[in-house]
Structure formats: structure tokens, C-alpha cells
Amino acid sequence: MEEDWESYVAIWTSLDICMYCERIMKEQPKRGKAPLTRTKDHIIPKSLGGDLSRYNKLHCCYACNHNKGNLTLKEWREKLLVSDFPDKELIISNIERIAHCSNIFYKPLLNTP
Ligand SMILES: [Zn+2]
């Protein structure tokens, strides 16, 4: 599967859909954060050496971003497998696709589920 990372991200961003759970996102409420608030995830967490390049950023909802926390995609996938997080099968399949694209265009190894 050969996919261009920028066009892949652009499509999802234009649809305003979370790239992990595919739910439609919403504006941030006046106070706090709702589960579907738009956020940017750093695919490789900054705390683990992930950079600020566009290849390491991804459009996703607050609920997914918060659940992923400072985990790599591989670690998050493992966490989801034993959790009851909503739509986890869909999220896991998207994690695998994102990791595949990220490995081509960004950093291999760290991200591979
Ligand atoms: Zn989400």
C-alpha cells in the first residue's frame, strides 16, 4: 500500500473527522474539553523524541488523544486490545494504517505496531 502522507492527512482534515475513531469533531467548548474537541496528536510523543514536523502530527479528537497520552502507536494498540474503549477495533485498524504511512514517510521502528 503506497499512500502519500500529506494527501492522506489532508482528506481526513477536510472531512473534520478524527483519524483514529472516525467521529466528526466539534469546536472546543467554552470551558474544558469535550470528547470530540479537535486536537493534534503527536504520533511519536514529544517526550519520546517526536518532533513538531507535519509528519508527526495528526488530526484527532480529544477522547482519542487523551486515551493515547504519551504512548507510541504500538503501545496504544496494546492498551486498546485489553480495554473497553469505544470503537477500539476501528481505532486499531486506523492505527495500523497510520503506522504504515508513518513508517514510509516519517520514522520507522518506533511506530510499528
Ligand atoms: Zn477520536
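Structural data are supplied above this passage.
Presented here is a report on the structure given in the accompanying data block.

About the thresholds
Residues numbered from 1 in each chain as written. Predicted model: local features only at pLDDT ≥ 70, side-chain atom pairs only at ≥ 80, totals over all residues. Helix = DSSP H or I, 4+ residues; strand = E, 2+ residues; numbered from the N terminus. Buried ≥ 20, exposed ≤ 12 C-beta atoms within 10 Å, placed from the backbone. Contact = placed C-beta atoms within 7 Å. Core = buried A, V, L, I, M, F, W, Y, C linked by C-beta atoms within 7 Å. Arc of directions from axis to C-beta.

As for the overall build of the protein
Inference 1: Looking only at helices and strands, the protein has four helices and two strands in total.
Inference 2: Sequence-ordered secondary structure for the protein, helices as α and strands as β, is α-β-β-α-α-α.
Inference 3: Buried positions account for 25% of the 113 residues belonging to the protein.
Inference 4: Here the contacts in the protein between residues at least 6 apart in sequence split such that 57% fall between residues at least 24 apart.

A few points about the nonpolar core
Inference 1: Of all hydrophobic cores here, the largest spans 19 residues; its most connected members are C18, Y20, C60, C61, C64, I95 and I98.
Inference 2: Every element with two or more residues in this core is listed here: β2 (57–61), α2 (62–68), α3 (73–81) and α4 (88–105).
Inference 3: In terms of residue count, α4 provides more of this core than any other element does, four residues in total.
Inference 4: For C60, the contacting residues outside a window of four places in its chain are C18, M19, Y20, T39, D41 and N65.

As for the environment of I91
Inference 1: Residue placement: I91 occurs in helix α4.
Inference 2: Linking I91 and L80, residues eleven residues apart in sequence, is a C-alpha distance of 8.6 Å.

Notes on α3
Inference 1: Buried within α3 are the following residues: L73, W76 and L80. Down the axis of α3, the sector holding all buried residues measures 60°, keeping them to one side.

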